[in-house]
Amino acid sequence: MFYNQAITYNRNKSEKKLFEAAYKKELAQLMKLKTWDNNPINIDNVDPNKIINSMFIFNVKRDNKHKCRLVARGDQQSDGTYKKELVANTVHHYALMICLSNCLSNDYDIIQLDISSAYLYAELEEDLYIRAPPHMKLDNKVFRLRKSLYGLKQSGANWYALIKNYLVSKCGMVEVSGWACVFIKEIGNKKLILCLFVDDIILFTNDRHLANVLINTLKSRFDTKIVNEGDNPITNRYDILGLEIEYEKSESMSFGMGKSIEEKLPKFNINLDMRKNVPGVPGLIPKKETLVVTEKEYKQKVKWMQMVIGLASYIGYKYRFDLLYYINVLARYTLYPSATVIEMTKQLIQYLWWSRHKKLRWFKNDYNKENRLTVITDAAFASQDNYKSQYGNYYYLNDNVIGGKSSKSTLTCTSSTEAEIYAISESIPRIEIFELLVQKINDNPIKKEIITDSPPSISSFNAIDESKMKAKFLTTRLLRSKEEIKIQKIEMSYINTKHNKADILTKPVQVKDFQHLTEDWIL
């Protein structure tokens, strides 16, 4: 909300008081970090393209803390006032899941940090000016900006460059190649792994002293707060990048988003009293239909679909990997909101609501100093529009699923075997990039395996003659995949279809099958 909503016209006196305190705290931080020069400049003496508008944004965090932040109107920023090639990196979700899995396997501690007003530590190279904030009552005056104010297009990249340099040069850490925002420090058998997401820092370590040295070094330069020490001897609970995580060292780890789901789903005007046992009707696949609606109605439906599927995607890719097929299919029909598509979307949300208590569950496994990187794959031949196939892959580290993918094939397959080969080939590059990170954070050897329920596919990868493949481009894909499997020393294994969890990534299945394939990891 804006200043007028939070303070000026806020009739809730207790809330207004909390927002006023947050507002004063933000002003103090802006002054402390010397965000702009103190000398006001007449607006007529400055190039208007270099003047940045700003506004105060107020919100209430998940922990009920009231926050205020001065934000630049980067959406109004003129070309030439920032370098377009700059990149603001954040830790990839797969990197976080791999680090968490490694933590569970090796009994590491997890420590959560936060750097207050992180962007404001980064210097601003460009010559930019900000209008005097309203509280100063200086009409037609601007100030020369010195720091990377939140909202500026270059601020994220400036902060990333600053914190990366500090972690490397002052903290002795090394960023993992190919995995931005993952840093590691090793001293003998002592390890410290750091994941960076803007101003949130997650530490994984087997040595508390090593972590404390880093924390003190960060505190000497930045306003660093320890959000969670992770020192409970039984169960530690975290809120990490929207995920509610419970960690029982040497036992298990679970992931949920129950609070966010209970807060957001009721806002979509869906009847949540209707209980659903699966996220979609078994066998039902949407098709593009002619819509008889006004332009206004169409835009309203599309906007509704975008909001609902956007939230479902966020939840699905965070931890509800059992929903990825339905999310992927419905996302493709966002611009075709027929009655069927709308009803399918409602059923997905109704199922998510009734299963909001369910969590992704990991258990510690002991593999005698070996890491296991596994993919379970499946495909549904010609099941989508234009006879494209739907394929799906689940990725596991030490028997715990760290992510999944469900998508429509870009190539048209001419048989179920070709569709299965397509699914397998799509998994190989991800195995390779995952291996790079696992190797860096853990010294143990890695066993890599692709599991499929298609014996003909396994035979194709083992065959010498590929002439039976009907499409040249799929033959090329098979040959390339065979080479990669051989070079990467990836094993191929068979699984019975009724036990193939990736089946739920390729089509809507029966209730009993869906429950059977998710019962030991979505609990």
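Use the structure listed above.
Residues numbered from 1 in each chain as written. Predicted model: local features only at pLDDT ≥ 70, side-chain atom pairs only at ≥ 80, totals over all residues. Heavy atoms only, no water.

Here we look at the overall build of the chain
Part 1: In terms of helices and strands, the chain carries 13 helices and 21 strands.
Part 2: The C-alpha atoms of the chain give a radius of gyration of 26 Å, which matches the 24 Å a tight globule of 523 residues would have.
Part 3: Principal-axis analysis of the C-alpha atoms gives the chain an extent of 75 × 70 × 45 Å.
Part 4: For the chain, the residues scored as buried account for 52% of the 523 residues in total.
Part 5: Sequence separation of 24 or more characterises 71% of the internal contacts of the chain that already satisfy a separation of 6 or more.
Part 6: When the accessible surface of the chain is split by element, carbon and sulfur atoms take 49% of a total near 25,300 Å².
Part 7: Distance between charge centres in the chain, computed from 76 positive and 61 negative side chains, equals 4 Å. (Helix = DSSP H or I, 4+ residues; strand = E, 2+ residues; numbered from the N terminus. Rg over C-alpha atoms; globule rule 2.2 N^0.38 Å. Buried < 20%, exposed > 50% of the residue type's maximum accessible area, 1.4 Å probe, protein only. Contact = heavy atoms within 4.5 Å. Areas by Shrake-Rupley, 256 points an atom, 1.4 Å probe, with all protein chains shown as cover. Lys, Arg positive; Asp, Glu negative; His and termini not counted. Charge placed at Lys NZ, Arg CZ, Asp CG, Glu CD.)

A look at the sheet that holds strand S20 (residues 446–452)
What holds strands together in a sheet is hydrogen bonding between their backbones, with the strands either parallel or antiparallel.
Part 1: Sheet architecture is open: five strands sit in the order S19-S18-S17-S20-S21, paired in mixed fashion. Two strands close off the open sheet at either side, each with one partner strand: strand S19 (400–408) and strand S21 (490–494). Strand-to-strand twist of the sheet, defined as the mean angle between neighbouring strand axes without regard to direction, takes the value 20 degrees.
Part 2: Here strand S18 (residues 390–397) pairs with S19 via eight bridges, running antiparallel. By the bridge assignment for S19, Leu397 is matched with Asn400.
Part 3: The strands touched by helix H10 (residues 416–441) within the sheet are strand S17 (371–380), S18, S19, S20 and S21, with S17 carrying the most contacts at an inclination of about 160 degrees. (Pairing = 2+ DSSP bridges. Axes fitted to C-alpha atoms, helices over the stretch in contact; angles between N-to-C directions.)

Let's talk about the nonpolar core
Part 1: Grouped together as the largest cluster of nonpolar side chains are 149 residues, with contacts concentrated most on Leu100, Ile110, Val182, Leu203, Phe204, Phe255 and Leu360.
Part 2: The dominant element in this core, judged by the number of residues it contributes, is helix H3 (residues 93–106), at nine residues.
Part 3: Residues in contact with Val182, not counting those within four places in the same chain, are Val91, Ala95, Cys99, Val174, Glu175, Val176, Ile193, Leu194, Cys195 and Leu437.
Part 4: By size, the runner-up hydrophobic cluster in this structure holds six residues, among which are Ala379, Cys413, Tyr422 and Ala423. (Core = buried A, V, L, I, M, F, W, Y, C linked by side-chain atoms within 4.5 Å.)

Observations regarding the packing of aromatic side chains
Part 1: For the structure on display, the rule yields 19 aromatic pairs.
Part 2: Each ring, one from Phe19 and one from Phe58, has its centre 5.6 Å from the other, and the planes form 85 degrees; the classification is edge-to-face. With Phe19 in helix H2 (residues 13–32) and Phe58 in strand S3 (residues 54–60), this residue pair connects regions lying 39 residues apart in the sequence. Each of the two residues, Phe19 as well as Phe58, counts as buried.
Part 3: Note on Tyr394 and Trp521: the rings are 5.2 Å apart at their centroids and 70 degrees apart in plane angle, and the pair reads as edge-to-face. Here the residue Tyr394 occupies a position in strand S18, and Trp521 occupies one in the segment after helix H13 (511–518), the gap between them amounting to 127 residues. Exposure class is identical for Tyr394 and Trp521. Each is buried. (Phe/Tyr/Trp six-rings, centres within 6.5 Å; stacked < 30°, edge-to-face > 60°.)

Observations concerning the sheet that holds strand S16 (residues 360–363)
Part 1: Here we have four strands laid out as an open sheet, ordered S13-S14-S15-S16, and antiparallel in their pairing. Among the strands making up the open sheet, the edge pair consists of strand S13 (236–240) and S16. Going from strand to strand, the sheet's axes swing by 15 degrees on average, the running direction of each strand aside.
Part 2: Here strand S14 (residues 243–248) pairs with strand S15 (residues 252–256) via five bridges, running antiparallel. Bridge assignment links Glu244 to a residue of S15, and that residue is Gly256.

Side note on the pattern of salt bridges
Part 1: Here the structure, examined in full by the defined rule, presents 27 salt bridges.
Part 2: Three or more residues joined by partner-sharing salt bridges are found here, namely Asp109, Arg208, Glu229 and Lys249. (Salt bridge = Lys/Arg side-chain N within 4 Å of Asp/Glu carboxyl O.)

Focus: the packing of H3 against H10
Part 1: Two elements in contact, H3 and H10, have axes whose closest approach is 11 Å; the angle formed by their N-to-C orientations is 45 degrees. Between H3 and H10, the interaxial angle falls into the category oblique. You can see that H3 and H10 cross each other, and the crossing is right-handed. Side by side, H3 and H10 meet where Tyr94, Ala95, Ile98, Cys99 and Asn102 of the first sit next to Arg430, Phe434, Leu437, Val438 and Ile441 of the second.
Part 2: Across the contact of H3 with H10, the residue classes tally to eight nonpolar, one polar and one charged. (Parallel < 35°, antiparallel > 145°, perpendicular 65-115°, else oblique. Left-handed = near helix turned anticlockwise from the far one by under 90°. Nonpolar A, V, L, I, M, F, W, Y, C, P; charged D, E, K, R; others polar.)

Some words on the state of the cysteines
Part 1: For the coordinates displayed, the defined rule picks out zero disulfides.
Part 2: With no disulfide of its own, Cys99 lies closest to Cys195 among cysteine sulfurs, the gap being 3.7 Å. (Disulfide = S-S within 2.5 Å.)

Looking at the environment of Asn228
Part 1: In this structure, Asn228 sits in strand S12 (residues 224–228).
Part 2: With relative accessibility at 17%, the residue Asn228 sits in the buried group.
Part 3: For the pair Asn228 and Glu435, spaced 207 residues apart in sequence, the C-alpha to C-alpha distance is 29 Å.
Part 4: Residues contacting Asn228, with those up to four places away along its chain left out, are Ile110, Ile111, Gln112, Asn236, Arg237 and Tyr238.
Part 5: Polar contacts involving the side chain of Asn228 include one to the main-chain amide nitrogen of Gly230, which spans 2.8 Å.
Part 6: From its side chain, Asn228 meets the backbone oxygen of Arg237 in a polar contact 2.7 Å long. (Polar contact = N/O pair within 3.5 Å; in protein donor to acceptor, adjacent residues only side chain to side chain.)

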